[in-house]
Amino acid sequence: MKSTRPTGINRLIKATLYSWQGLKAAYQNEQAFKQETWLLLVLAPVAIWLGDNPLEIALLIGSILLIMIVELLNSAIEAVVDRVSNERHPLSGRAKDMGSAAVLVALVCAGLVWLGVLLS
């Protein structure tokens, strides 16, 4: 029996479209992601100016992208938890708190990277 799932370039195109939909949904529905997008747009040129070499530039920009990646995952966790149930449950709260903590760790990581480059 032949699979109806897309393969090759069609799979890549579909996956790209789904990813774009996810980015668009995050930007439209998640204030933190919107702020981080603008942070990236402002700080990327600063990173290019500030970095002494391609590695420093990549670390500076990559640290902001890391925040955005973790924010996307946190938002996905929150959406799934909210989809499953609106009632308060300790495990739901724990999942959301851990997602939030992951964003905090990513922010600290980015801050350390930027501080390290600024001080070097």
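Basis of the calculations
Residues numbered from 1 in each chain as written. Predicted model: local features only at pLDDT ≥ 70, side-chain atom pairs only at ≥ 80, totals over all residues. Heavy atoms only, no water. 1 Å grid on protein atoms, 1.4 Å probe; cavity = no way out; pocket = protein on both sides within 12 Å on 5 of 7 lines; lining within 4 Å. Points joined across faces, edges and corners; volume = space filled by probe spheres on them. Helix = DSSP H or I, 4+ residues; strand = E, 2+ residues; numbered from the N terminus. Nonpolar A, V, L, I, M, F, W, Y, C, P; charged D, E, K, R; others polar. Phe/Tyr/Trp six-rings, centres within 6.5 Å; stacked < 30°, edge-to-face > 60°. Lys NZ or Arg CZ within 6 Å of the ring centre and 35° of its normal. UniProt positions renumbered as here; feature names shortened; annotations may be inferred. Buried < 20%, exposed > 50% of the residue type's maximum accessible area, 1.4 Å probe, protein only. Contact = heavy atoms within 4.5 Å. Axes fitted to C-alpha atoms, helices over the stretch in contact; angles between N-to-C directions. Parallel < 35°, antiparallel > 145°, perpendicular 65-115°, else oblique. Left-handed = near helix turned anticlockwise from the far one by under 90°.

Before going further, it helps to spend a moment on the layout of surface pockets. Computed from the structure, the largest pocket encloses a volume of approximately 150 Å³. Along the walls of the largest pocket sit Val81, Asp82, Ser85, Asn86, Glu87, Arg88, His89, Ser92, Gly93 and Lys96, which together make up its complete lining. Residue contributions to the lining of the largest pocket peak at three residues, all from helix H4 (residues 90-119). Looking at the lining of the largest pocket residue by residue, the classes come out as one nonpolar, five polar and four charged.

The next thing to look at is the packing of aromatic side chains. Per the counting criterion, the structure on display carries zero aromatic pairs. Just above the ring of Tyr27 sits the side chain of Lys34; from NZ or CZ to the centre is 5.0 Å.

Once that is clear, we can look at the UniProt feature "binding site: ATP" (unreviewed entry) in the chain. Per the UniProt record, the feature "binding site: ATP" (unreviewed entry) sits at Arg11, Tyr18, Glu30, Glu78, Glu87, Arg88, His89, Lys96 and Asp97. Sequence-wise these annotated residues cover 87 residues; spatially they are dispersed, their C-alpha atoms as much as 38.6 Å apart. Of the annotated positions mentioned, Glu87, Arg88, His89 and Lys96 line the largest pocket. Inspection of the secondary structure assignment puts His89 in the loop between helix H3 (54-84) and H4.

The UniProt record marks Glu30 and Glu78 with the feature "binding site: a divalent metal cation" (unreviewed entry), using the residue numbering of this structure. Taken along the chain, the residues just named run across 49 residues; in space they keep tight, none of their C-alpha pairs more than 10.8 Å apart. Inspection of the secondary structure puts Glu30 in the loop between helix H1 (8-29) and helix H2 (31-50). Residue Glu30 is classed as partly exposed on the basis of its relative accessible area of 25%. What Glu30 contacts, discounting residues up to four positions off in sequence, is Ala25 and Ser75. Classification of Glu78 by relative accessible area gives partly exposed; the value is 25%.

Moving on: the packing of H2 against H4. Remark: H2 packs on H4, axes separated minimally by 12 Å, with the N-to-C direction vectors making an angle of 20°. In terms of their interaxial angle, H2 and H4 are classed as roughly parallel. Relative to H4, the crossing made by H2 is left-handed. Residues Glu36, Leu43, Val46, Ala47 and Leu50 of H2 pack against Val103, Trp114, Val117 and Leu118 of H4. Among the residues making up the contact of H2 with H4, the classes are represented as eight nonpolar, no polar and one charged.

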